[in-house]
Amino acid sequence: MANPLPRPLHAQSAEELAAAAKDRRWPKWQTMALLHSLGMPTLNAALLRPGQSSAEIRTAAHALATALGADQLMIRSDGGVEKKQYHRGGNTYPIDEIEQRVHPLLADGRAVILAGPTNRFTNKLTVMIRMDRPGPGIRGAFTLEALGPGYDVADLTRGELPPQVTVQLDDVDWDQYAEPRWNEWNFIGDRCPGGEEARRRRRLERLASQTLADGGQLAENPQPEHAAAWLRARGYLQLFGPQDPRPALMRRAAKLFEDAFALARAQPNRNWRCLATAYSVFAEPRTVYWDLVDGERKYAAAAPAAARTQKEAV
């Protein structure tokens, strides 16, 4: 069956969003549709499936760019159930580069999500949101991990940077919403060995070796100092300024919990144990939820259940 012509997410009907939110082949797209259908802020985007023609790629890119009034688009890839080889995404490119950058991903059997452009160097706040419970009907926990200006979601999800502040809410009933009292929130300060200087250094290392190298902004064995100079030359100084995300996180904690509860209730897997999503406050200011990840379904099984259990125990 031929692939449908890609259409911007924000132009899709409630019926189309509901169908996409049930399609597990492309988890990122599935959860973007779910988030949008719930009225939560998401990037406008279009899905390209393996086998999409060059003409369809160009048409989708220009249609989305026109809807956004943009001359650049972000490229994300969606591989279904992920394996160890992870394809980094999230960089923004000019429209005339989209087709050549998309083709290798589609040829590798991955879908591609074209999304509205963002500036990942000027974020004001980045939050990882985690929902845990031992099982259906059993009380669990809610956790926020945050980084301040100049960091992005990938620093927490793949860069393994420790958060500047962590917020924990225990004894959460995920079946019955109750607004938390302020004395129930547990705020934990920075525990990064070496403090903010060490964290900033690791951020610059990631930018040099991955983000800026992947995007072609830096080449020839880039070093953290090159990334710092690149940021400063463009006036992206957020990373080098004051870093205290606690006040911004405190203002948003209750609303983030309310949104997390709605997401947990809308999760198709009613037996979920751990869910996670990411939230960004851009410099515009603008906010965006990225994906909703079900911990049991993110990665492909590489071994029989007994072997996986033994490995996890080790």
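Since the structure is predicted, the reported quantities are computational estimates derived from the model, not experimental observations.

> Where do I start with the sheet that holds strand β5 (residues 125-132) in this structure?
Remark on secondary structure: sheet strands pair via backbone hydrogen bonds, oriented parallel or antiparallel. With antiparallel pairing, the 6 strands of this open sheet are ordered in space as β8-β7-β6-β5-β9-β10. With one partner strand each, in any of the chains shown, β8 (186-188) and β10 (287-294) form the two edges of the open sheet. Along the sheet, successive strands turn relative to each other by an average axial angle of 15°, direction set aside. Across the sheet, helix α8 (residues 246-266) is in contact with β5, β6 (140-147), β7 (165-172), β8, β9 (274-281) and β10; its angle to β5 comes to roughly 40°.

> I keep staring at the confidence of the model for the protein chain and nothing clicks. Help me out?
In low-pLDDT regions, the fine details of the predicted coordinates are not to be read closely. For the protein chain, the average pLDDT comes to 89, and 91% of its residues sit at 70 or higher. Of the regions scoring below 50 in pLDDT, residues 299-314 engages in 9 contacts with residues more than four places distant in sequence or in other chains.

> Looking at this structure, I do not really get the environment of L105. What am I missing?
Summarising the element assignment, L105 is placed in helix α4 (residues 95-107). L105 sits in the buried class, given a relative accessible area of 15%. Between the C-alpha atom of L105 and that of A266, which follows or precedes it by 161 residues, the distance is 30 Å.

> What exactly am I supposed to notice about the nonpolar core here?
The nonpolar side chains of soluble globular proteins are, as a tendency, buried together. W29 and W290 are the most contacted members of the largest nonpolar core, which totals 36 residues. When near neighbours in sequence (up to four residues on either side) are disregarded, W290 contacts M32, L35, L43, M74, R76, V153, T277, A278, Y279, S280 and F282. With 33 residues, the next largest nonpolar core counts L34, L144, F187 and L256 among its residues.

> Would you explain unusual backbone geometry in this entry?
In most cases, non-glycine residues show a negative phi, while peptide bonds are predominantly trans. Residue P285 is reached from E284 by a cis peptide bond, and omega for that bond is 5°. Within the fold, P285 resides in the loop between β9 and β10.

> What should I look at first to understand α8 in this one?
Every α-helix winds through 3.6 residues per turn, so residues three or four apart in the chain are directed the same way. Relative to the 30 Å expected for 21 residues at 1.5 Å per residue, α8 spans 29 Å between its end C-alpha atoms, a close match to the ideal helical length. The largest bend in α8 is about 45°, located at R252. Buried residues belonging to α8 abut α2 (27-37), β5, β6, β7, β9 and β10.

> Sorry if this is basic, but what is going on with the environment of E225 here?
If you trace the backbone, E225 turns up in helix α7 (residues 224-233). Separated by 24 residues in sequence, E225 and R201 have C-alpha atoms that sit 9.1 Å apart.

> Please explain the pairing of β7 as it appears in this structure.
The side chains of a regular strand alternate between both faces of the sheet. For β7, the tally of buried residues reaches 6 of 8 residues, placing the bulk of the element in the interior. Inspection of the sheet shows β6 paired to β7 by 6 bridges, in the antiparallel sense. Counted as the bridge partner of L144 is V167 from β7. Pairing analysis gives 3 bridges linking β7 to β8, with the strands arranged antiparallel. Bridging across to β8, T166 finds its partner in I188.

> Is there a simple way to explain the sheet that holds strand β3 (residues 91-94) in this structure?
In space, the 4 strands of this open sheet follow the order β1-β4-β2-β3, with antiparallel pairing throughout. Of all strands in the sheet, those with a lone pairing partner are β1 (45-48) and β3, marking the two edges. With direction set aside, neighbouring strand axes in the sheet form an average angle of 30°. When strand β2 (residues 72-78) meets strand β4 (residues 111-115), the two strands line up antiparallel, connected through 5 bridges.

> What exactly am I supposed to notice about helix α6 (residues 195-214) here?
Over its 20 residues, α6 extends 28 Å from the first C-alpha to the last, a length consistent with the 28 Å expected when each residue adds 1.5 Å. Maximum bend of α6: about 45°, positioned at L207. Where α6 is concerned, the buried positions are E196, R199, R200, R203, L204, R206, L207, A208, T211 and L212. Where the residues of α6 are buried, they touch β3, β6, α5 (153-157) and α7. At the exit of α6 stands G216, carrying a positive phi of roughly 85°.

Cut-offs used in this document
- Residues numbered from 1 in each chain as written.
- Predicted model: local features only at pLDDT ≥ 70, side-chain atom pairs only at ≥ 80, totals over all residues.
- Heavy atoms only, no water.
- Pairing = 2+ DSSP bridges.
- Helix = DSSP H or I, 4+ residues; strand = E, 2+ residues; numbered from the N terminus.
- Axes fitted to C-alpha atoms, helices over the stretch in contact; angles between N-to-C directions.
- Contact = heavy atoms within 4.5 Å.
- pLDDT = per-residue confidence, 0-100.
- Buried < 20%, exposed > 50% of the residue type's maximum accessible area, 1.4 Å probe, protein only.
- Core = buried A, V, L, I, M, F, W, Y, C linked by side-chain atoms within 4.5 Å.
- Expected span 1.5 Å × (residues − 1).
- Bend = angle between axes of the 7 residues up to and from the residue.

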